[in-house]
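Commentary on secondary and tertiary structure
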Amino acid sequence: MKQRCVVIFLYACILLAMGQDLPDQTAQSPPPSQDDPASSSGRRKKGRVPIDQHALNEARIVNGQKPIDYSSPNYPLHELGFPYGSPAPKLPTPEIFPVSMHLPYPTPLAVVTEKTPTTDYPYMNQRIHYKICGYNATLCTPGAPPEDQPSREWRSVLPGQAIGLSMYNLDDQQDGLTLNSILIRQPFKLTVALFASSGWDDRDVSLNSTLHSTDSDIVIREYFINNERYGKAYLSPNFNGQEYTGDMVEVDLETAKYNAVRLHGIETDFADYYSTSTTSLDGIDPYMKATSKNKEDQVVIKRLQNVDNDLAGYQNGFAALSGTTSYGFIVPFFNGAEYHGKAVRLTVGQFNISMWDNWIEDQEFRRFRTVQSTETDSDGNTRFIYEDVGGDSDFSAIDVLDLATVDDDLRGFIGGFAHKNYAYFVPHFNGKYFSGKIARVDVDAFNAASVQVLDLQTKDVRLAGFYGGFAVNIVPSIVNGLAADYAYLAPYKNLVGPVNGVNTKFTSDGYKANDVFDEQESIGGDRLQPNHHGCLTRINLDTFNVAGVDFIDLQEVDTDLRGFAGGFQGGLHGYLVPYSKGFGDYSSKLVRFDLLNFNLDGIEVLDLAGKSDELKGYVTGFAYEKYAVLVPYQNGRSDVNYRARNQFAKLTRVDFNDFTANGILTLDVSMVSRKNTPDQPDKDLRGFVGGFCAGSFMYLVPNFNGVWYGKIVRVDMRDFDVIAAAQAAGEATDFTTGFKGVQAVDLQRFNTKLAGFSGGFLRLRPPPIEKFYEANLDIFTYATGLDRLEPKGAVFSPYGEAVIEEEGGAPEIMPEGIEKDP
């Protein structure tokens, strides 16, 4: 102990002599939470002062001394609690999320490290060094040449930060190949190699590019990511301006199989051309019969009210996957007569993934099918008997479950999510009061017997009136800070009374338990006031009981942190979408919280108004690559918005790794020269409620722009940076990048009732077992690492069409404004 005190005293004297303050050790090594195993194991010795390696080495250099290599066996590690003369052990191998190898679109990749179980000292200032290979996977494996072996000169991020997975964030470039030598549509393969470094902070990475003995082992992961045009989407019906509706819409997003219009170098493929409509609206019928060989239509409608007249007025929906069966769920809210609980399950796909080695190209239908059997015709020719792989469905299987038959309070939900084998419905207002009863149901059984109910208000009366939620995609057993599978509910709105406070049911506050249309009128009129709240709620999904419910009141951090409209996971953080603090008072403060540290210390706030005072009033959002994307609804800025409307159009993107005003980028979809014909900006593209990602695109769901409307917007994320930069500079956006920019389909030109949707979601598809996609050119095989060749022509996959374009397509250079991550 005396020896240690002398070392610390001399260290402090050196810093004071140099005129430096003593380092803030709290910032370098924060105290563990109660959930941290190291904090309760007795491994940390009380009174020990951590050594700031960087500051100590700077002091040694100033005094002409050689810096200490903390990974050297000669370093006196016994001073740090290790056995005398032994080297410090390696860092534990990092864990990567998401765990799934098959991603429907470029998803944020997050890496978490675990402190050494013995001590933190040699492991302060950790970084994650990574390399992404898309052309030659060997360069990210142990078989790489010496110049490509793991090194601290690789790009790096801090633990917990996000790494963007995309074809524009690669480290390999071989034999003159450029990003656009080939255009891989379905899906592309990325190989990621990474390791955790220790002992040097980011200022010192360049001092030593070799690996230290304390650096972790190398982790290698492969990801297959759907790219380009992919999938089918479903839009949830709500109110179309005429009636509460049950018109469920399926939109085919794989538009390559349809005819496209090319004028003046602009190719329009997502537009009003493909349907069986014979209805003329105002003498105009822009839709034409789909000309693809599979005879599918781009837009398919199912009127749920043909099944049950009460099936109308839904608030968002979500997808679920059970084995090889794909489901869609839409969330019951208000149908014009009552707040109801009739949940709908759509069977949107049945997939066969058992016979990938028998893939052949079905020339007639231009899709992948497997050979189930063969037969010989009268001429002696072999005829293939096919079995579909694609999983296409007309979503004719519609099942209804009235949750209110289980508990009459199970009505009036907003949003939901699926996790493992359950579908969850998030409570909002049930017709009598703001509700805290979350319901879950088995996705396969989907019956009253499989419904489970958790009343959150048993935990605290404030836990009612939410707007959507999400379950985390992290494996809890291997991450410190997570003890179970958790879901998080976004706090939105309830009511407060003058006598009994929040969510009162006192008659003295005016509470009346009757079912009427208006939320406030139904429970007391003017005596009760709207209370946009900030009670972020976490639920242990493994136990699904009151003991597993936790919450934090965000208003203890900032009174403005209330009234959120949805949330989502981005890496190791959750994000809450700012919407409204009260009637006409829209919010601009984006909240993110640490999924591994659920307390007020893990809350961060970014005020988007620091970038522009127009950036407020969003409804839902999602993660894409390493960004949070917020969907614009209404900001109340009638003084600047088109035709003095409250609704706005600035799609907003925030960098996960730069959670500041500098990390904000906006794209005004109403002011973009569209890749449609004609290509003028469409100022009606505003007022969206919800959105989702699929392949290289994001889609915005139309709701209300001053009128209820139906223009679904597609944004090519590869064009986001360059279009946003042009708009910021006040420049025109009528340029060509080779990608697809912004396009829109006006669903009302097919049917005037297709308007006012409340959200949408992408159909989920199961991963294949063995083969992921086929190749037909040597360059394609080289680039993807696959070894199976087919005759030159179109390339297909179980996910849909994949095309190699030798001419045209994307530009041969990366578009200006798109750069690799640092």
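Coordinates for the structure precede this section.
The subject of this paragraph is the state of the cysteines. Enumeration over the complete set of coordinates arrives at one disulfide. The partner cysteine of C133 in its disulfide is C140, sulfur to sulfur 2.1 Å. A torsion of 85° about the S-S bond marks the disulfide between C133 and C140 as right-handed. In this structure C133 comes out as buried when scored by relative accessible area, which is 1%.

Spatial ordering of the open sheet is given by β38-β39-β40-β41, a layout of four strands whose pairing is antiparallel. What marks the edges here is a single partner per strand, and that holds for β38 (618–624) and β41 (664–668). For this sheet the average axis-to-axis angle between neighbouring strands, irrespective of direction, equals 20°. Pairing of strand β39 (residues 627–632) with strand β40 (residues 650–655), which is carried by four bridges, proceeds in the antiparallel orientation. Paired with V629 across the bridge in β40 is R653. Strand contacts of helix α6 (residues 720–728): β40 and β41, with the helix running at about 80° to β41, the strand carrying the most contacts.

What α6 keeps buried is the set F720, D721, V722, I723, A724 and A726. Buried positions along α6 lie against β40, β41 and β44 (711–716). Phi turns positive one or two residues past the end of α6, at G730, with a value near 75°.

Here we come to the environment of V307. With respect to the helices, strands and loops of the structure, V307 is situated in the loop between β13 (299–303) and β14 (314–322). Spatially, the C-alpha atoms of V307 and G246 are 9.9 Å apart, while their sequence positions differ by 61 residues.

Along the chain, T537 turns up in strand β30 (residues 535–540). Here T537 falls in the buried class, since its relative accessible area comes to 0%. Among the polar contacts made by the side chain of T537, one reaches the main-chain carbonyl oxygen of C535 at a distance of 3.1 Å. Setting aside residues no more than four positions away along its own chain, T537 makes contact with L456, L463, F466, A487, Y488, L489, V549, D550 and F551.

Moving on: the environment of Y511. You can see Y511 is positioned in the loop between β28 (501–502) and α5 (519–522). Look at Y511 and you get buried, because its relative accessible area is 13%. Measuring from C-alpha to C-alpha, the distance between Y511 and Y433 comes to 8.8 Å, with 78 residues separating the pair along the chain.

Procedures and definitions
Residues numbered from 1 in each chain as written. Predicted model: local features only at pLDDT ≥ 70, side-chain atom pairs only at ≥ 80, totals over all residues. Heavy atoms only, no water. Disulfide = S-S within 2.5 Å. Buried < 20%, exposed > 50% of the residue type's maximum accessible area, 1.4 Å probe, protein only. Pairing = 2+ DSSP bridges. Helix = DSSP H or I, 4+ residues; strand = E, 2+ residues; numbered from the N terminus. Axes fitted to C-alpha atoms, helices over the stretch in contact; angles between N-to-C directions. Contact = heavy atoms within 4.5 Å. Polar contact = N/O pair within 3.5 Å; in protein donor to acceptor, adjacent residues only side chain to side chain.

Take it as geometry only, folks, not as evidence of what the structure does.
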